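Below are the chains, spelled out letter by letter.
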Amino acid sequence: MYGGNSVYGTKVFRDVPPEALVAGIAACGGLDRYYEFCVNQERDRFRAVNSPYGFRANALFPDNANEVIEGAVTGVGRKRLDIVEDFINAGLVTNLPNWWAVPSLRRMRTGEGGTAHRSMIPDSRGERFVLTREGVSWPIFCTWANFSFDIRSLAMGQRLGTPLDVSHTQEATYRVNEAIVDQAVNGLTDDQGTPMTIDGLGAPGLLSSTTTLSYADWTTLTGAEILGIVQDAIELLRITHPGPYRLYVPGNYTKILTSDYGAAYPRTIIERIQQLGPYGTRNLEIRISDSLPNHRVVLVQMDPQSIDVVIGQQPVPVSWQDGPGWNTYWVVLSCVIFRMFSNINGKYGVAVGNLA
Amino acid sequence: MALVKNPPNTIILGGGLPGGDQAGTKVNEYVTGVVTRPGMVVEMADFAGRLKYRPHATAGPITNPSVAVEKLFHNKGPNDGDYAVNELINVVHLRKGSTFWGRIAAAQTITKADYLESAGDGRLRVAAGETRLQALETLGAVAVDTFCRVMVL
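Conventions used here
- Residues numbered from 1 in each chain as written.
- Chains lettered and ligands numbered in written order.
- Predicted model: local features only at pLDDT ≥ 70, side-chain atom pairs only at ≥ 80, totals over all residues.
- Heavy atoms only, no water.
- Pairing = 2+ DSSP bridges.
- Helix = DSSP H or I, 4+ residues; strand = E, 2+ residues; numbered from the N terminus.
- Axes fitted to C-alpha atoms, helices over the stretch in contact; angles between N-to-C directions.
- Contact = heavy atoms within 4.5 Å.
- Phe/Tyr/Trp six-rings, centres within 6.5 Å; stacked < 30°, edge-to-face > 60°.
- Lys NZ or Arg CZ within 6 Å of the ring centre and 35° of its normal.
- Buried area = accessible area lost by both parts, 1.4 Å probe.
- Salt bridge = Lys/Arg side-chain N within 4 Å of Asp/Glu carboxyl O.
- Polar contact = N/O pair within 3.5 Å; in protein donor to acceptor, adjacent residues only side chain to side chain.
- Nonpolar A, V, L, I, M, F, W, Y, C, P; charged D, E, K, R; others polar.

Asks: Mind showing me how you'd approach the sheet that holds strand S9 (residues 285-289) of chain A here?
Replies: Strand pairing in a sheet takes place through backbone hydrogen bonds and is either antiparallel or parallel in direction. All names here are of chain A. The 5 strands lie next to each other as S5-S13-S10-S6-S9, forming an open sheet whose pairing is mixed. Each edge of the open sheet is held by one strand with a lone partner, namely strand S5 (212-215) and S9. This sheet shows a mean twist of 20 degrees between the axes of neighbouring strands, independent of strand direction. Direction of pairing for strand S10 (residues 298-301) relative to strand S13 (residues 350-355): antiparallel, over a ladder of 3 bridges. The residue of S13 that forms the bridge with Val300 is Val350. Strands S5, strand S6 (245-250), S10 and S13 of the sheet are contacted by helix H6 (residues 223-238), whose axis makes an angle of about 165 degrees with S5.

Asks: What am I meant to see in the sheet that holds strand S1 (residues 93-95) of chain A here?
Replies: Residue and element names in this part refer to chain A. The 4 strands are arranged S1-S11-S12-S4 in an open sheet whose pairing can be described as mixed. Bordering the open sheet on either side are S1 and strand S4 (143-150), each of which pairs with just one other strand. Adjacent strand axes in the sheet meet at a mean angle of 20 degrees when their direction is disregarded. Taken together, the 12 bridges between strand S11 (residues 307-321) and strand S12 (residues 327-340) define a ladder with antiparallel strand orientation. Among the inter-strand pairings, Gln313 is bridged to a residue of S12, identified as Cys335. On top of the sheet, helix H5 (residues 164-186) reaches S4, S11 and S12; it is set at about 20 degrees to S12, its chief contact.

Asks: What am I meant to see in the packing of aromatic side chains here?
Replies: We describe a pair of aromatic rings using the distance from one ring centre to the other and the angle between the two ring planes. In the structure shown here, the tally under the stated rule is 13 aromatic pairs over all chains. Here Phe147 of chain A and Trp330 of chain A contribute two aromatic rings whose centre-to-centre distance is 5.0 Å and whose plane-to-plane angle is 10 degrees, an arrangement assigned as stacked. Placement of Phe147 of chain A in strand S4 and of Trp330 of chain A in strand S12 is noted, with a sequence separation of 183 residues between them. Three or more aromatic residues joined by ring pairs form one cluster here, namely Phe87, Tyr248 and Phe338 of chain A. Looking at Lys71 of chain B, its charged tip hangs above the ring of Tyr83 of chain B, at a distance of 5.2 Å from the centre.

Asks: So what exactly am I meant to see when it comes to the interface of chain B and chain A here?
Replies: When the parts of a complex come together, some accessible area is lost, and that lost area is often used as the size of the interface. With 14 residues of chain B in contact, the opposing surface of chain A contributes 13 residues. Carbon and sulfur atoms make up 47% of the area that chain B and chain A hide from each other, which totals about 1200 Å². Looking only at chain B, the three residues that lose the most surface to chain A are Arg50, His74 and Leu88 of chain B, adding up to 40% of its buried area. Counting the contacts that link chain B with chain A gives 2 salt bridges. Across the pair Asp199 of chain A and Lys71 of chain B runs a salt bridge, and its minimum N-O distance is 3.0 Å. Summed over the shared surface of chain B and chain A, the number is 8 residue pairs in polar contact (both at pLDDT 80 or more). The class makeup of the residues in the side of chain B that touches chain A is 5 nonpolar, 3 polar and 6 charged.

In structure tokens:
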């Protein structure tokens, strides 16, 4: 039945028998208080009935309905992992498909020997020779990253459209590639950066080369001064390693190298440097690399006599489950190892720069 | 007639899956800061801010036995190749009930069921009381670096 006037205006009452209504009003001490009691009772009942659905008595929509979660995700900005990929793209690769069975790989190197003779008939005494021959070995180690999830976390991720295995495999793959580049630049270390050997074998990186050059901070130098430093580095290598060359410069030299060379040359410093040559089959090439530490410039003879990359396994995710299947485990596994070769006289085809 | 028991020529003997696998947690991510022989009990230590393994350096009971294993991948057995300083070392952190071939310290007399403890140099010696390591064979008076089958309790 409808009715009742009060300071609150027209009210709607539940349909109750007159005697119960009168008793209720009396129990609450007045009509307005009885009305308040009924409204609160309805509100509590409504809330209890609808709580599984997230309804609020004072809200139109479920919790957080005002917010939409995008599918796109903002990740942490990453540096490019370019140096090893560069070497692979240049074809400087030794494939090792059976790397599981190869704990170490040995490269022989030979010295020089012999001499030519001049006579009218080649039956003179002459002189025998035998080449010196020795080898250097690299450990064939794997680089990997692992993660695991229980079955319910995986199921939740799939329900929400954000598969945990996909995102974590991507991250683990990046970490593996990052470690591969780190070995190419800094050599083989443990995860604290301690240089290490495996069964007495090391795997030196570019910065381990003993052919070095010191210079002032390039950001303080002129185009001509920088050009002179590059030419000096080429002179360090040219006698034993005649090219072709590629110059890798660190990211903190980007600005200076893309600045104008000066009055003597109408374009940028980097364009001037790229005109050096030809060395071997082509002019000097330049790459700006995020993988190098600040101020460390590296000149590399780009051929298999100087460097290569052993590829046993490109990064690949491997997964398995425990016995009952309640947990799934992943490893992103790779066997990619940078090698830098010195000749029998200890000369590398890589020159490294250091701040003076 | 008792069965002949040949030297196992490997450090991890039993525990976990058949063949001695899963006798513990394998850790192969750190170097050693001190020359270490396979079969030595080891511990982690701070070397100028870097975590490295070293032969267990405190004489007495070992609370969490861990052992350096041989360089099997490099064709070396327990007596063939020590780990040099800053060499990546293979260590197994042993589970209860697992067994290993451990090195005994100088001037020891080993009897079955003897409790063993660290001698402070990566090797094991007879302990005065109960410890987590127990000899599984009688060797008598032994020279330093004699191997003994040991169980982790």
